Each structure stands twice: as C-alpha cells, then as structure tokens.
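Residues per chain, in single letters:
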Amino acid sequence: MIRLSRVFSRAAISGPILTGPILTGLILTGLVLTGLVALSAEAVTAQTPVVIDSVVVTASPTPQDLSELGNHITLIQGDAIRASGVSSVADVLREVPGIAVVRGGSFGAVTSIFFRGGESDYVQVLVDGVQVNQPGGAFDFSSLTTENIERIEIVRGPSSALHGSDAVAGVIQIITRSGDGPTRMGAQLRAGSFGRFDSSVDLNGGSNNASWAVSLARYRTDGLLEFNNGHENTVLSGKATLDLDSRTRATVSARLGDRQYNFPTDFSGAVVDRNQFSYGDENSFSIALDRQIGTTVSLRALASSYSINSGTDDLQDSPADTLGSWGFQSLDAYRRNAFDLRGSVELSANSALTAGLEIEEQRVRSFNESLSQWGNSNGRSTNSRDNRAGYLHLSSAVGPVSANAGVRVEDNERYGDFTAWQLGLSLPIGETTRLRGVTGTAMKEPTFFETFAQGFALGNPDLRPETSTSWEVGVEQSLLNGNLNLQATWFDQSFGDLIQYTGVTPTPGAPNYYNVAKADSRGLELGASARAGRLNLFGDFTLLKTKVTDAGFASGAGASFVGGEALLRRPEQSGRLGFGLEVLPELHFDAVARYTGDRSDRDFNAFPAAAVVLDAYTLFDVSVRAQVLRAQGGRPGVELTLRGENLADKDYVEAFGFRSPGRGLYLGGRLTWGGG
C-alpha cells in the first residue's frame, strides 16, 4: 500500500521551490554582487580565513571576540564532540548549563529543550545561518546529528533584536565544517546497545581561494521497547566557499535529512500499537555573498530556504482492527524562505555600525485523514504569512568597556508591528576578571495552528506574539595563569502574553486561543574548569526558579499552568562534574556525572491530568579514545572510541510515562586518509 501521506507530500511541495522573498533575494543577491564587483578593481592577496576559538558569529551581526560580549556564551568544538562518541546534538546539549533536555522515550522520539526555564519553543535554532524552527518556534532536536559540525555556538539571553522571532531564551547555531588544505577522507562505524549501528563518510579540502566539505551519515537503532520502536536517520550535508575575487566571497550550504521513528506508545506512554510511526524529511539551503568595500565597509547578502515535511502514519493494525477510530494519517509541509541584506561600517578602530533588512515568507500545507467504523473524515488547509524587518546594531569599545546595542522592528501581515531591543556590556578588571551583562526584550510569533486552526479547535487571527523582558549579570575569573577559570551568571526573565487554549470560549463560535498567561524564570549558573598537566577538571551547577504568575484559563491542580507553581519539566537544580585525562598522547579518558533534580509533570493517563513529580537522578558516562595509527603518507589513520552511557543503569524518565535508555555501550572506529 502506498502511504497516503507520501503521495500528499509530493503534491504539497510540487511547483517552484524558490518563491516569494527567496526568489527576490537571489535576484537581489546577483545584482548586489555584480554592482559590488564593479565598484572595486583593486587587487589584494586572497587570504584563507583564520578560525579563532573565541570568535562568535551568532551574538552580533559581525564576528566578535567572547570578551567583547555581555551574554553568557558556550562554544563547543566539533572535534571534541566526535572524539567523545556522541552522535546526537541533543546529547551534546545535556552537558550545557541552563538547558534541560526532554526526550519523549526512545532514540528518535520528539526531543525538546527548556532553556533557562523558557518554553520549549523559545530557542531559535540555526544551521549555517538558516533558521530551522517551524513557524511559531517548535523544533525537534532528534533530527540534529554531529558528524559534520565545526562548532556549536550557544548564546543565552534575549536575541530578537538581531534574530527576530523565537530567540526568547537564546539562540543555538550549528556551524558545519569548512575544508582546507589537501583533500582528506574519513569513514566511521559505530555499533552497540539497543541495536545501534551508525556509519558515515566525509570528504573535505581547500586551496587559497576555495574550500569544501561534504558528509553522508546514517544512524539506526532498534529502540528500547519490545516492538515497533526502531529509528533511522540519514543526513547529507555540505558547505563550499569560493573567493570570487580578492574582496568577494560566496558560501553555499545545504543539509538534507530523512528520518523515521516507530513508536508503539499512546499519549500516556502505554505500549499498544505495532505499526505506528512518524517521519520527517528536512531540507535547508543557503547562499551567502560577502563583499568588502575599501577598508571600512562590508556587505553581506544571505538567501535561505528551509522545509520540513513531517507527519504520523497509523494504519489498520490487522484485518480485525475495524472498531472505533482505527487509523490515522497526517502531513504538515512547512517552508521558510528568507532573504537578509546587511551592511557594516567601521566607525573607528573599536566601533562598527550595522544596518540590515530581512524579508521572510512562511507557508504550511496540512492534511489529515481519520479512519473509523463510522466512516472516514479528512481535513486539508494551506496558510501563509509574510514578515518584513529592519534592524540596527552598534558595537563599540571605550577604553576597557565594550558595548553592544541593537534594535529590530518587525512588520508581520498577521500580528502587526513589534519592536525588540538589546543592550550588552563587558568590562575587564585587570587581566584576570571580567564583568558582563545584557538586557533586552524578545518575542515568539504564534504558531500556524493557534492562528488558523479549523475543526475541533478554532484559531485566533488576532493573536499577538508572546513576549519577554530579560536581564543577566555575570563575572568570569581566571586564576593560576589561566589554569583555573570560574564563572557565575544570574539571570531574570519575565514572560508575557503566553498563548493558551480554552475549551470554553467567551462566546459561541469564538476562537479557542488567547494571549492570557504570564510566568517568571530566574536563576544562577555556576561553572569551573581547571587544568593540571594532562588532567582537566570541570563542573557546573544551575539553580532555576520558575513560577506561573498568571494561569490564564488554566484551572485545577492538573492544569499545565497553576498560579504560583513551577513550570513543567524544568528541574530546580541540575549540574555535572567530570574530568578528562590524557593517559598518553594517543590515549584519552573522559568521565562525567550529570545530576537532574526533581521536576513537576502531568499524568495524562488520568482525566483531568494528575500532577506528578519526576524523581531526581544522576547518570554516569565515560568514553575512551585511542589513536592506533596516525595518517601519514599513504597510510590511513585509525582511531577507536569506546563509550558507556548511564553506566549505573539508572531507571529514570524525562517525560512521565515514557522510558529512557538504560545502560549502553558503544564501540566505534574511524579511518582517515590524506591531508597534510
């Protein structure tokens, strides 16, 4: 039987891929490039870009050093991720202070993060500058893999002044690898518990004026449950850069993913279904053109497109399955097309002003069909909205003080205008201490369902964006010639205009969604790292206090919002403690213990839902990496990795009713050829 959802998927995405703003953007990009090349015929030596670990490209419109920014920022290098044997970005984020990761069961289940106590759709996710959230902020982190990552930049705090909607609690950007030097090739296999088998191949290289990298990876596992719990994910990604002349660079990035997750569970976690699965086909593409004019002006044009076709398929279990509602299929085909043009001017050696314009088109086509003994029913809808924005940012240093300020004005055809602002300061005290702080506002646009829903729920076209006002202050201290580093950050956030569903509408036929609820989130992030010879020690601790200040329509102890109570699934205390040891230059050992405190949740097996508390737990992970051979001449390099997760076989849950993995052991090997 041909899956109805796949048939509809082809229909949903047929026709021109590049429409609206993206097509206009590509045309403008070409015109801008042509004009800029004509502006300057000066020849200078092309230079290979130098990557500096402390340079951040996500927190401001122009790259800046960490020491110049007021935000608490975490940088994670891709080589360190792969060396640890971690294959999922979600598992990488479990190690980051302030982030609570919640996976609804086995590998491949919907995975959300709660950043500094914000909602799960309060984090903007970028892949090489392309926003990959669904319109309205939702993002499933189970799709992101680590095989082709150069680094991950995690920026905390309100960032809508630069990035627009969804950047409420922070921004996470995945930056993929860029090649350099002679061509290098690699192949990797990893296998272990739960029927896991991962494989990948990659190629990369470069010259004085060009670089490229491409990878293909496939991940599969049988899952945790007795039947129908497999997960498969195939990812093809690549990036290429080319210096068109001495002042102009073009960068093209693409990522294609195809995944399927089989799940036998119902909404409460009960194992009941043998053929139910969800799927997602994701594609992101971008082309960026950077042009330097003289010594003080630079322009950047970025055209991007992201699409995801996802849904659920649960057909007849057997010929005898004919009672009640026995089947269901759905598809949601989302697309975001955007074009961003910005220009930066160096006002002095220590200050720069950036102005930009962005246009975006969002579109969704949805289909669902319910199969039941009373007859079949289906629904179909197509909706879209456009957004235009202008933004202005200033970065400047006066003496030892670095400051960043920005403002962004959005004009959306559905919810109108919104203005976000941000101000950050960084002040070094001597050579070993830095004070920093940031404050600002942010917003998250309504989802398409909340705005356009028809049928059992009625959307509200008059919804406003959800909003936040936030601030943080922090201190960083370096001691013992940089061998001991300490940091502390206090943050405070207020969330307003939260959108809620009500089954009892104010008047008959009125919408079911309104901006009514409010909540607060504040806390303390502490971190320390120390180095002594070949031993590296690290630890961090997060204290988080969340509170519902206006429950809106919600009522009863089992409601999702209860006045004066904490927000769901956010641990009040969390932390980790670990070390890395270079036993020999070719042998590395790492170990970490991660603690997650008690959290509130709901048991949806009861009606109305019952309030529950998820118990605290501590997990122990270790990894060993051995360099067996180094690539040299025509000889390949060989590296082995052994990773153990949840070694104490702790029984725990991240979402009530859904099991989490027990002890897992994974052995991997990597071959490399070529290079310098």
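Because the structure is a prediction, the values reported are computed rather than measured. (Residues numbered from 1 in each chain as written. Predicted model: local features only at pLDDT ≥ 70, side-chain atom pairs only at ≥ 80, totals over all residues. Heavy atoms only, no water.)

## Here's the deal with the overall build of the chain
Alright, step 1. Summing up its helical and strand segments, the chain has 6 helices and 35 strands in all.
Alright, step 2. Taking 2.2 N^0.38 as the reference for a compact globule, 676 residues should give roughly 26 Å; the C-alpha atoms of the chain span a radius of gyration of 25 Å, in line with that estimate.
Alright, step 3. Overall, the C-alpha framework of the chain stretches about 75 × 55 × 50 Å when taken along its three principal axes.
Alright, step 4. Put simply, the chain has 676 residues, and 50% of those count as buried.
Alright, step 5. Of all intrachain contacts in the chain linking residues separated by at least 6 positions in sequence, the fraction that spans at least 24 positions is 63%.
Alright, step 6. If you sum the accessible surface of the chain, you get close to 29,200 Å²; carbon and sulfur atoms cover 59% of it. (Helix = DSSP H or I, 4+ residues; strand = E, 2+ residues; numbered from the N terminus. Rg over C-alpha atoms; globule rule 2.2 N^0.38 Å. Buried < 20%, exposed > 50% of the residue type's maximum accessible area, 1.4 Å probe, protein only. Contact = heavy atoms within 4.5 Å. Areas by Shrake-Rupley, 256 points an atom, 1.4 Å probe, with all protein chains shown as cover.)

## Quick notes on the pairing of strand S27 (residues 573–584)
Here is the key point about a regular strand: its side chains alternate between the two faces of the sheet.
Alright, step 1. Relative to S27, strand S26 (residues 535–550) runs antiparallel, the two being bridged by 9 bridges. Residue pairing for S27: leucine 537 is matched across the bridge by phenylalanine 579.
Alright, step 2. Examined bridge by bridge, S27 and strand S28 (residues 587–596) share 10 bridges and lie antiparallel to one another. Note on S28: the bridge partner recorded for leucine 581 is phenylalanine 589. (Pairing = 2+ DSSP bridges.)

## Focus on the nonpolar core
Alright, step 1. Among the nonpolar cores identified, the biggest contains 43 residues, and Leu93, Ile99, Phe141, Ile152, Ile154 and Ile172 are the most heavily contacted of them.
Alright, step 2. Top element by residues in this core is helix H4 (residues 89–93). It accounts for 4 residues.
Alright, step 3. If we ignore the near neighbours within four places in the chain, the residues touching leucine 93 are Ile99, Val101, Ile113, Phe141, Ile154 and Ile172. (Core = buried A, V, L, I, M, F, W, Y, C linked by side-chain atoms within 4.5 Å.)

## Side note on the pattern of salt bridges
Alright, step 1. Following the criterion strictly, the structure yields 45 salt bridges and no others.
Alright, step 2. Residue arginine 408 pairs with glutamate 410 through a salt bridge whose shortest N-O separation is 2.8 Å.
Alright, step 3. What makes arginine 408 buried here is its relative accessible area of 2%.
Alright, step 4. Measuring nitrogen to oxygen at the nearest pair gives 2.8 Å for the salt bridge that ties arginine 464 to aspartate 497. Note that arginine 464 is positioned in the loop between helix H6 (448–452) and strand S23 (466–479) and aspartate 497 in strand S24 (residues 484–501), a separation of 33 residues in sequence.
Alright, step 5. What makes aspartate 497 partly exposed here is its relative accessible area of 24%. (Salt bridge = Lys/Arg side-chain N within 4 Å of Asp/Glu carboxyl O.)

## Re the packing of aromatic side chains
Alright, step 1. This model, assessed by the stated rule, comprises 11 aromatic pairs.
Alright, step 2. Pairing phenylalanine 139 with phenylalanine 141 gives two aromatic rings, centres 4.8 Å apart and planes at 85 degrees, and the pair type is edge-to-face. Each member of the pair, phenylalanine 139 together with phenylalanine 141, is buried.
Alright, step 3. With 5.4 Å between their ring centres and 35 degrees between their planes, phenylalanine 448 and phenylalanine 452 make a pair best called tilted. (Phe/Tyr/Trp six-rings, centres within 6.5 Å; stacked < 30°, edge-to-face > 60°.)

## Considering the side chain of serine 478
Alright, step 1. Looking at the element boundaries, serine 478 is found in strand S23.
Alright, step 2. The residues touching serine 478, leaving out its near neighbours within four places in the chain, are Thr432, Leu484 and Asn485.

## Concerning the sheet that holds strand S8 (residues 149–156)
Alright, step 1. One open sheet holds the 5 strands; their spatial order is S3-S8-S9-S6-S7, and the pairing between them is mixed. Of all the strands in the sheet, the pair left with one neighbour each is strand S3 (73–77) and strand S7 (130–131).
Alright, step 2. Relative to S8, S3 runs antiparallel, the two sharing 5 bridges. Counterpart to threonine 74 in the pairing with S8 is isoleucine 154.

## A short note on the side chain of aspartate 540
Alright, step 1. With respect to the secondary-structure elements, aspartate 540 resides in strand S26.
Alright, step 2. Looking at aspartate 540, the relative accessible area reads 13%, which means it is buried.
Alright, step 3. Within the local environment of aspartate 540, its side chain forms a polar contact with the side chain of arginine 576, the two groups lying 2.4 Å apart.
Alright, step 4. Among residues more than four places away in sequence, those in contact with aspartate 540 are Glu95, Pro97, Leu526, Gly527, Ser574, Gly575 and Arg576. (Polar contact = N/O pair within 3.5 Å; in protein donor to acceptor, adjacent residues only side chain to side chain.)

## Considering the environment of arginine 151
Alright, step 1. Within the fold, arginine 151 resides in strand S8.
Alright, step 2. Look at arginine 151 and you get buried, because its relative accessible area is 10%.
Alright, step 3. Within polar-contact distance, the side chain of arginine 151 engages the side chain of glutamate 153 at 2.9 Å.

## Digging into unusual backbone geometry
Trans peptide bonds make up most of the peptide bonds, and negative phi angles are found at most residues other than glycine.
Alright, step 1. Of note, the bond from phenylalanine 607 into proline 608 is cis; its omega dihedral lies within 30 degrees of zero at -5 degrees.
Alright, step 2. With respect to the helices and strands, proline 608 occurs in the loop between strand S29 (599–603) and strand S30 (610–614).
Alright, step 3. In this model, aspartate 166 sits at a positive phi of 85 degrees, which is unusual for a non-glycine residue.
Alright, step 4. One can find aspartate 166 in the loop between helix H5 (160–163) and strand S9 (170–176).
Alright, step 5. On the accessibility criterion, aspartate 166 (0% relative accessible area) is buried.
Alright, step 6. The residue phenylalanine 194 is not glycine, and still its phi comes out positive at about 60 degrees.
Alright, step 7. Checked against the element boundaries, phenylalanine 194 lands in the loop between strand S10 (184–192) and strand S11 (196–206).
Alright, step 8. Residue classification places phenylalanine 194 among the partly exposed positions, given a relative accessible area of 22%.

## Observations concerning the environment of threonine 549
Alright, step 1. Position of threonine 549 relative to the elements: it lies in strand S26.
Alright, step 2. Put simply, threonine 549 and phenylalanine 495 are 54 residues apart on the chain and 9.4 Å apart in space, counted from C-alpha to C-alpha.
Alright, step 3. What threonine 549 contacts, discounting residues up to four positions off in sequence, is Lys518, Ala519 and Asp520.
Alright, step 4. At 3.5 Å, the side chain of threonine 549 and the backbone nitrogen of alanine 519 are in polar contact.

## What about the pairing of S9?
Alright, step 1. Counted residue by residue, S9 has 7 buried out of 7 residues, so it is predominantly covered.
Alright, step 2. Here S9 shows a buried face lined by Gly170, Ile172, Ile174 and Thr176 and a second buried face lined by Val171, Gln173 and Ile175.

## Regarding the confidence of the model for the chain
Alright, step 1. Summary statistics for the chain give a mean pLDDT of 90 and a share of 92% for residues scoring 70 or more.
Alright, step 2. Within the model, pLDDT remains below 50 along residues 1–52, and this stretch shows 81 contacts once partners closer than five positions in the same chain are excluded. (pLDDT = per-residue confidence, 0-100.)

## Here we look at the environment of tyrosine 279
Alright, step 1. Among the secondary structure elements, tyrosine 279 is positioned in strand S15 (residues 277–293).
Alright, step 2. Here the alpha-carbon distance between tyrosine 279 and serine 660, two residues 381 residues apart in the chain, equals 21 Å.
Alright, step 3. A distance of 3.4 Å separates a polar side-chain atom of tyrosine 279 from the backbone oxygen of serine 330.

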